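Overview (structure and organization)
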Amino acid sequence: MANDYHVRCVPEYEIDTRTATQIVALLDESFPDTFDGRTFFKQLPHFRYLAFEGETVIGQAGVDHRVIRVGGKITRIFGIIDLCVTPARRGVGLAADLLKQVERRAATSNVDFLVLMGDLDTLYIANGFQHVAPAMTKWLVVEDVESVAVIERDLSDCFLIKPLKGENWPVGQIDMVGYLF
Ligand SMILES: CC(C)(COP(=O)(O)OP(=O)(O)OC[C@H]1O[C@@H](n2cnc3c(N)ncnc32)[C@H](O)[C@@H]1OP(=O)(O)O)[C@@H](O)C(=O)NCCC(=O)NCCS
């Protein structure tokens, strides 16, 4: 597996129709009945790490580059979105590789934390992520590509972070300053 795929970091605006079609298929098989034929769930990511076998997309991680507010502190993050790997290629470290590549880019950029919403603790904890608890979080609710409301909930069961600059996660309310990825 080590050398039979390659990973490209692609800005969202450069994704061509052929690749987009493959991303739709990958997302649909990974998250059934969720994407409704789109390449995104709530909003476009800013860029993606795409794993290719030849010219076929076999895995992806979207990245949302944004500032959020944590305990009043403006915090720069890469939010990792819709991490997935095609079923036939799972279990050999591809998702972990995508996470590492996003982290490497973030570590050399002006980014304080990786953030993701996840329920696979084994994968994320093994890759250095930690839960935020409590995680009182305010965000813009988007449904069917339409802004609906602003709500606040405790997301400590799924709010995972990884510090990049040795900083502690600030204590206090989290304002996503946008939709929840
Ligand atoms: C989750 C997913 C991206 C993992 O991809 P992968 O390339 O197989 O992951 P890796 O090989 O790097 O890591 C595998 C580890 O992830 C964990 N893992 C993977 N799928 C899991 C699942 N469904 N439930 C619990 N843990 C899981 C395992 O702990 C595994 O570790 P192990 O090999 O020591 O047993 C892939 O299974 C997938 O696309 N699933 C559907 C989409 C999804 O749920 N995405 C995550 C959203 S939070």
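Everything below is about the structure shown above.
This section reports on the structure supplied with the text. A quick note: this is a predicted structure, and the numbers were derived from the prediction, not measured. (Residues numbered from 1 in each chain as written. Predicted model: local features only at pLDDT ≥ 70, side-chain atom pairs only at ≥ 80, totals over all residues. Heavy atoms only, no water.)

1. Let's talk about helix α2 (residues 94-107)
- Under the 1.5 Å per step criterion, the end-to-end length of α2 is 20 Å for 14 residues, consistent within 8% with the ideal 20 Å.
- Lining the buried residues of α2 we find β1 (6-11), β2 (47-53), β3 (56-70), β4 (73-85), β5 (113-117) and α3 (121-126). (Helix = DSSP H or I, 4+ residues; strand = E, 2+ residues; numbered from the N terminus. Expected span 1.5 Å × (residues − 1). Contact = heavy atoms within 4.5 Å.)

2. Remarks on the pattern of salt bridges
- Summed over the entire model, instances satisfying the criterion amount to 8 salt bridges.
- A salt bridge links Glu 55 to Arg 8; its shortest N-O distance comes to 3.5 Å. Of the two residues, Glu 55 is situated in the loop between β2 and β3 and Arg 8 in strand β1; the sequence distance between them amounts to 47 residues.
- Taking relative accessible area as the criterion, Glu 55 reaches 44% and is therefore assigned partly exposed.
- In this structure Arg 8 comes out as partly exposed when scored by relative accessible area, which is 32%.
- Between Glu 12 and Arg 48 there is a salt bridge, with the nearest N and O atoms lying 2.8 Å from each other. With Glu 12 in the loop between β1 and α1 (17-30) and Arg 48 in strand β2, this pair connects stretches of sequence that are 36 residues apart. We note that Glu 12, like Arg 48, is buried.
- In this structure, a network of salt bridges that share partners links the residues Asp 4, Glu 53 and Arg 89. (Salt bridge = Lys/Arg side-chain N within 4 Å of Asp/Glu carboxyl O. Buried < 20%, exposed > 50% of the residue type's maximum accessible area, 1.4 Å probe, protein only.)

3. With respect to the environment of Glu 146
- Within the element layout of this structure, Glu 146 appears in the loop between β7 (136-142) and β8 (147-154).
- With a relative accessible area of 53%, Glu 146 lands in the exposed category.
- Between the C-alpha atoms of Glu 146 and Ala 96, which are 50 residues apart in sequence, the distance is 32 Å.

4. Points about the site of the ligand
- The environment of the ligand is formed by 17 residues, the closest being Leu 83, Val 85, Gly 91, Gly 93 and Ala 96.
- Between the ligand and Arg 90 there is a distance of 3.4 Å, counted from an oxygen atom to a side-chain nitrogen or oxygen.
- Between the ligand and the protein, one listed contact pairs an oxygen atom with a backbone N or O atom of Val 92 at 3.3 Å.
- Protein chains bury 63% of the 880 Å² of accessible surface belonging to the ligand in isolation.
- Among the cavities detected, the one that contains the ligand is the largest pocket.
- By residue class, the composition of the shell around the ligand is 11 nonpolar, 5 polar and 1 charged. (Near = heavy atom within 4 Å. Polar contact = N/O pair within 3.5 Å; in protein donor to acceptor, adjacent residues only side chain to side chain. Areas by Shrake-Rupley, 256 points an atom, 1.4 Å probe, with all protein chains shown as cover. 1 Å grid on protein atoms, 1.4 Å probe; cavity = no way out; pocket = protein on both sides within 12 Å on 5 of 7 lines; lining within 4 Å. Sits in = over half its atoms within 2 Å of the grid points. Nonpolar A, V, L, I, M, F, W, Y, C, P; charged D, E, K, R; others polar.)

5. A word on the packing of aromatic side chains
- Enumeration according to the criterion identifies 8 aromatic pairs in this entry.
- With centroids separated by 5.8 Å and ring planes inclined at 55 degrees, the aromatic side chains of Phe 35 and Phe 41 adopt a geometry described as tilted.
- Both rings, one in Tyr 179 and one in Phe 181, keep their centres 6.4 Å apart while their planes meet at 80 degrees; by these two values the pair is edge-to-face. Exposure class is identical for Tyr 179 and Phe 181. Each is buried. (Phe/Tyr/Trp six-rings, centres within 6.5 Å; stacked < 30°, edge-to-face > 60°.)

6. Considering the side chain of Asp 64
- On the secondary structure map, Asp 64 appears in strand β3.
- Within the structure, Asp 64 has its side chain in polar contact with the side chain of Arg 66 (distance 2.9 Å).
- Looking at Asp 64, its side chain comes within polar contact range of the side chain of Tyr 179, at 3.4 Å.
- The residues contacting Asp 64, other than those within four sequence positions of it, are Leu 44, His 46, Ile 77, Phe 78, Gly 79, Ile 81, Tyr 179 and Phe 181.

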